[in-house]
Amino acid sequence: MIIFCIKNKKFKKIILSLIILSFCIILSIFSKCKIAETFSEHERRLPIYSVDTSDKRVAITFDASWGENNTVKILDILDKYKIKATFFLVGRWIDDFPEETREIYKRGHEIGNHSNKHPMMTKISKQNMINEIAETDAKIMTVTGKKTALFRCPSGAYNDEVINTVEGTGHYCIQWNVDSIDWKNGDADKEYERIIKKTKPGSILLFHNAAVNTPSTLPKIIEYLKGKGYKFVTVSDLIYKSNYYIDYTGKQKRN
């Protein structure tokens, strides 16, 4: 009788433990489903940081915003290596450097829209965003005769409304996944290392035409990546134009 009671108590504890464990598992699954559902409903939109591809193709990009610049030096380097790059131009830079703007186009490079006055897009109204893009498109059109298809947010700042607005104007919103941080005009070797260590197939590389070290580091970067079998294309030639989605890292993938 005593032995039966002991066994019975143990059995009850086991049953109770199993019930509690089952309840915890069900609650955990339910919570995860609700979290996933909430995330899906409010998932943050992302620009294109890079492209999912097995081909060793990358895009070199330059932002031109203000001040003195090394544009002609950079164009000469790109000519030397027979590379076409993408230049994201701010409208006020176009105003200050009309000859350099024409030279970029004349040498066969792609021109993208980088806003008119380089505002923080997340801090201005939707209408002001549209105006910023439209004014710069008009300036680019006077040089190229056509509207640009690419837009890059000033300082890389964006939110859902910015991306929706950009896409609503008929532009692909382009970011980058490899940053030279050359605008700081710091150590040239570090700028070089940042690029060669992080570049992968489908990468979009960021430089600035006004950076001090870029004319000296760019040839070394190009030669290194060429030696690794990489080919250089414009952003428009790198990205997918349709039937794609952008994953949580900003990588553009085929559907």
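Quick note: structure is the one above.
All of the points below concern the structure found in this document. (Residues numbered from 1 in each chain as written. Predicted model: local features only at pLDDT ≥ 70, side-chain atom pairs only at ≥ 80, totals over all residues. Heavy atoms only, no water.)

**Details of helix α2 (residues 71–80)**
Here α2 has its buried residues at Thr71, Ile74, Leu75, Ile77 and Leu78. Considered in projection along α2, the buried side chains sweep an arc of 160° and stay on one side of the axis. Turned more than 90 degrees off the buried face of α2, the exposed positions are Lys73 and Lys80. The secondary structure elements touched by the buried residues of α2 are β2 (57–64), β3 (86–89), α3 (91–96), α4 (98–106), β8 (204–208) and α8 (214–227). Lys82 lies just past α2 and shows a positive phi near 55°. (Buried < 20%, exposed > 50% of the residue type's maximum accessible area, 1.4 Å probe, protein only. Helix = DSSP H or I, 4+ residues; strand = E, 2+ residues; numbered from the N terminus. Arc of directions from axis to C-beta. Contact = heavy atoms within 4.5 Å.)

**A word on the pairing of β3**
By the alternation rule, side chains of β3 split into Thr86 and Phe88 and Phe87 and Leu89, which are all buried. Relative to β3, β2 runs parallel, the two being bridged by four bridges. Counted as the bridge partner of Phe62 is Phe87 from β3. Sheet topology note: the β3/strand β4 (residues 110–113) ladder contains four bridges and is parallel. (Pairing = 2+ DSSP bridges.)

**Side note on the packing of α2 against α8**
Each pair of packed helices can be summarised by the angle the axes make with each other and by the distance between the axes. At their nearest, the axes of α2 and α8 sit 10 Å apart, and the two run at 15° to each other. Between α2 and α8, the angle falls in the class roughly parallel. The hand of the α2/α8 crossing is right-handed. Residues Lys73, Ile74, Ile77 and Leu78 of α2 pack against Thr214, Pro215, Leu218, Pro219 and Ile222 of α8. The residue inventory of the contact of α2 with α8, partitioned by class, reads seven nonpolar, one polar and one charged. (Axes fitted to C-alpha atoms, helices over the stretch in contact; angles between N-to-C directions. Parallel < 35°, antiparallel > 145°, perpendicular 65-115°, else oblique. Left-handed = near helix turned anticlockwise from the far one by under 90°. Nonpolar A, V, L, I, M, F, W, Y, C, P; charged D, E, K, R; others polar.)

**Comments concerning the pattern of salt bridges**
Summed over the entire model, instances satisfying the criterion amount to nine salt bridges. The salt bridge involving Arg102 is made with Glu99; its shortest N-O contact spans 2.5 Å. Separated by three residues within a single helix, Arg102 and Glu99 lie in helix α4, roughly one turn from each other. Accessibility expressed as a relative area gives 52% for Glu99, which makes it exposed. Of the charged contacts, one joins Arg107 and Glu103 as a salt bridge, the two residues approaching to 2.9 Å between their closest N and O atoms. Because the salt bridges share partners, they merge into one network encompassing Asp76, Asp79, Glu103 and Arg107. (Salt bridge = Lys/Arg side-chain N within 4 Å of Asp/Glu carboxyl O.)

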